[in-house]
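Take a look at the letters that make up each chain.
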Amino acid sequence: MTDAPAPKPGILDIAPYVGGKSRIEGVATPMKLSSNENALGAGEKARAAYEASVANIHMYPDGRATKLRDAVADHHGLEPDRLIFGNGSDEVFALLNQTYLTPGDNIVTGQYGFLAYRISAKANQAEVKLAPEPGFKAEVDALLAQVDERTKIVYISSPSNPTGSYNTAEETRRLHAALPPHVLLVIDEAYAEFVAEPDWETSFPLARDSDNIVVTRTFSKIHGLGGLRIGFGYAPLKVAEAVDRIRLPFNVSVPGLEAAVAALGDEAHQKASRDLVEAWRPRLTQAIKGFGFDVFPSAGNFVLVRFPDEARNAGAANDYLNSKGIIVRPVGGYGLPDCLRITVGTEDQNRAVIDALSEFAAR
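In what follows, the accompanying structure is described. (Residues numbered from 1 in each chain as written. Predicted model: local features only at pLDDT ≥ 70, side-chain atom pairs only at ≥ 80, totals over all residues. Heavy atoms only, no water.)

### Looking at the overall build of the chain
Along the backbone of the chain there are 12 helices and 13 strands. For the chain, whose C-alpha radius of gyration is 21 Å, the value lies close to the compact-globule estimate of 21 Å for 363 residues. Classification of the 363 residues of the chain by burial places 54% in the buried group. Look at the contacts in the chain between residues 6 or more apart in sequence, and 73% of them connect residues 24 or more apart. As displayed, the chain offers around 16200 Å² of accessible surface, 53% of which is attributable to carbon and sulfur atoms. Within the chain, one finds 37 positive and 46 negative side-chain charges whose respective centroids are separated by 2 Å. (Helix = DSSP H or I, 4+ residues; strand = E, 2+ residues; numbered from the N terminus. Rg over C-alpha atoms; globule rule 2.2 N^0.38 Å. Buried < 20%, exposed > 50% of the residue type's maximum accessible area, 1.4 Å probe, protein only. Contact = heavy atoms within 4.5 Å. Areas by Shrake-Rupley, 256 points an atom, 1.4 Å probe, with all protein chains shown as cover. Lys, Arg positive; Asp, Glu negative; His and termini not counted. Charge placed at Lys NZ, Arg CZ, Asp CG, Glu CD.)

### A word on the pattern of salt bridges
Scanning the model with the defined rule gives 21 salt bridges in all. For Glu37, the salt bridge is made with Lys32, and the minimal N-O distance between the two is 2.8 Å. Salt bridges linked by common partners bring Arg64, Asp81, Asp244 and Arg247 together as one network. (Salt bridge = Lys/Arg side-chain N within 4 Å of Asp/Glu carboxyl O.)

### Some words on helix H4 (residues 115–123)
Every buried residue belonging to H4 is among Leu115, Ala116, Tyr117, Arg118, Ser120 and Ala121, and all of these are buried. Among the residues trailing H4, Gln125 stands out with phi positive, at a value near 60°.

### Here we look at the sheet that holds strand E7 (residues 213–218)
Pairing is mixed across the open sheet formed by 7 strands, whose spatial order is E2-E8-E7-E6-E5-E3-E4. Each end of this open sheet is capped by a strand with a single partner; those strands are strand E2 (83–86) and strand E4 (127–131). Taken over all neighbouring pairs, the strand axes of this sheet differ in orientation by 20° on average, direction set aside. Sheet strands touched by helix H2 (residues 66–76): E2, E7 and strand E8 (231–234). Its angle to E2, the strand with the most contacts, is close to 125°. (Pairing = 2+ DSSP bridges. Axes fitted to C-alpha atoms, helices over the stretch in contact; angles between N-to-C directions.)

### Looking at the environment of Ala73
Within the secondary structure layout, Ala73 lies in helix H2. Using a relative accessible area of 6% as the deciding quantity, one classes Ala73 as buried. Between the alpha carbons of Ala73 and Ala287 there is a distance of 41 Å; along the sequence they are 214 residues apart. Look past the residues within four positions of Ala73 in its chain and what remains in contact with it is Leu78, Glu79, Pro80 and Leu83.

### Overview of the packing of aromatic side chains
Taken as a whole and assessed by the stated rule, the structure comprises 15 aromatic pairs. Summarising the aromatic geometry, the rings of Tyr60 and Phe250 are spaced 4.7 Å apart at their centres and angled 20° between planes, so their arrangement reads as stacked. Taken together, the positions of Tyr60 in the loop between helix H1 (44–52) and H2 and Phe250 in the loop between helix H8 (237–244) and helix H9 (254–264) put the pair 190 residues apart, joining distant regions of the chain. Here the aromatic rings of Phe204 and Tyr234 are separated by 5.8 Å at their centres, their planes lie at 80°, and the arrangement is edge-to-face. Of the two residues, Phe204 sits in helix H7 (residues 204–208) while Tyr234 sits in strand E8, which places them 30 residues apart along the sequence. Here the two residues Phe204 and Tyr234 agree in accessibility, since each one is buried. Following the ring pairs from residue to residue traces out a cluster consisting of Phe93, Phe114, Tyr117 and Tyr155. Taking the ring centre of Trp280 as reference, the NZ or CZ of Arg283 above it sits at 4.7 Å. Its guanidinium or amino end placed over the ring of Phe302, Arg341 lies 6.0 Å from that ring's centre, counting from NZ or CZ. (Phe/Tyr/Trp six-rings, centres within 6.5 Å; stacked < 30°, edge-to-face > 60°. Lys NZ or Arg CZ within 6 Å of the ring centre and 35° of its normal.)

Below, the structure written as C-alpha cells:
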C-alpha cells in the first residue's frame, strides 16, 4: 500500500478548532452556556420563515443572496454590491485569507483574538503574528508594532471573544489611519448588538469611505441563527468582487436565507435578546465577583471569569458546573487556562450558574 497524498506544508501543524461542548454524560438536558448562543433561541418570525422554506429546499439557493443582500443593505444603510455573504462570518474570514494571503505573508491579530482568523491564515501558509494584550484587549500600538511589509490583514474583534473587551471608535480610527494602504483591516462585530458602552460605535461609516476596511457581522448571536450559519462582510467594492471570484456559488442555504431576512425584521426579538443580556450581564458579574473570582468587563453576551485560586481553579470549577448540569467554555486554547467563559442565559440558567458557583466557592 502506498502512502496517502501529503497535505500542504503546515496543515497538520494547525490545531483544529474545538467548539463548546454540548453534552454531559448522564445529563439528558444540560444547560448549554458554552457557545454564546442566543438564550432565547430564534425568533418566531425566523422559525416561521424556516418552516415555510421547506417547500423550496429541492432548489439551489440564489447564489447572490439577493433578497438578504437587499434586506441587510436597507437595515444598515449599506451599498448592496459591497456585501459578502458566507456560511457564518467564519467563512468570510476564510475567503478573505484565501483571496489575499500567499505563502510567507502574515496576518496580525491580538493575543486573545478569535481562533478562526488564525486557522485559515495558516491553511494558506501564512504566518500569524500575535500582538500582546496585557489589558486583555487589542491595543493599537501593539498591533501596529507587529505590522511589516508582508502583513496583508489585521484582524480585530470589537467586542472581542473570549475576553469581552472592545475598541473605542477613536482607537479603531487611529489603528486604521496608521496602517499602510496595502493592509486590509478586518473588524469583526459579531457581538455589536449587545454593546451598551457610549464610546463604541459600528465601523460601517468608517468603512464606507475606505479602500481597506472590511466589517463583518453574524446572524448567530442576536438573531439566534447559529445553526443556519449566516454571516456577512461589508467591504470595498474591489474586495467584494475579488472574493466573489472564489466564493462557492451556493454557500448560503435556502432556509438560512429566508430565516435571516425574517430575523432582520424582527425587532421585538432583537430587543428581548438585548434586554436579557443587559439585565443579567451585570448581575452575573456582581454575583460572581462576590464569590471571590475575577470577572472581566464584557460588552458581549457572555462573561469571562478567572479562577486564580490554586485549589478552586478553572478546571475544578468547570467540573463542578458540569456536575450540576451546566456546560460553560474552558478557554485554555486561547492562552487563558485559568478562565471560563459563560454565556448569559435565561433567568433560570443564570440563577443556576450563580447558585453553583456559590457552592463551589464555599467548598
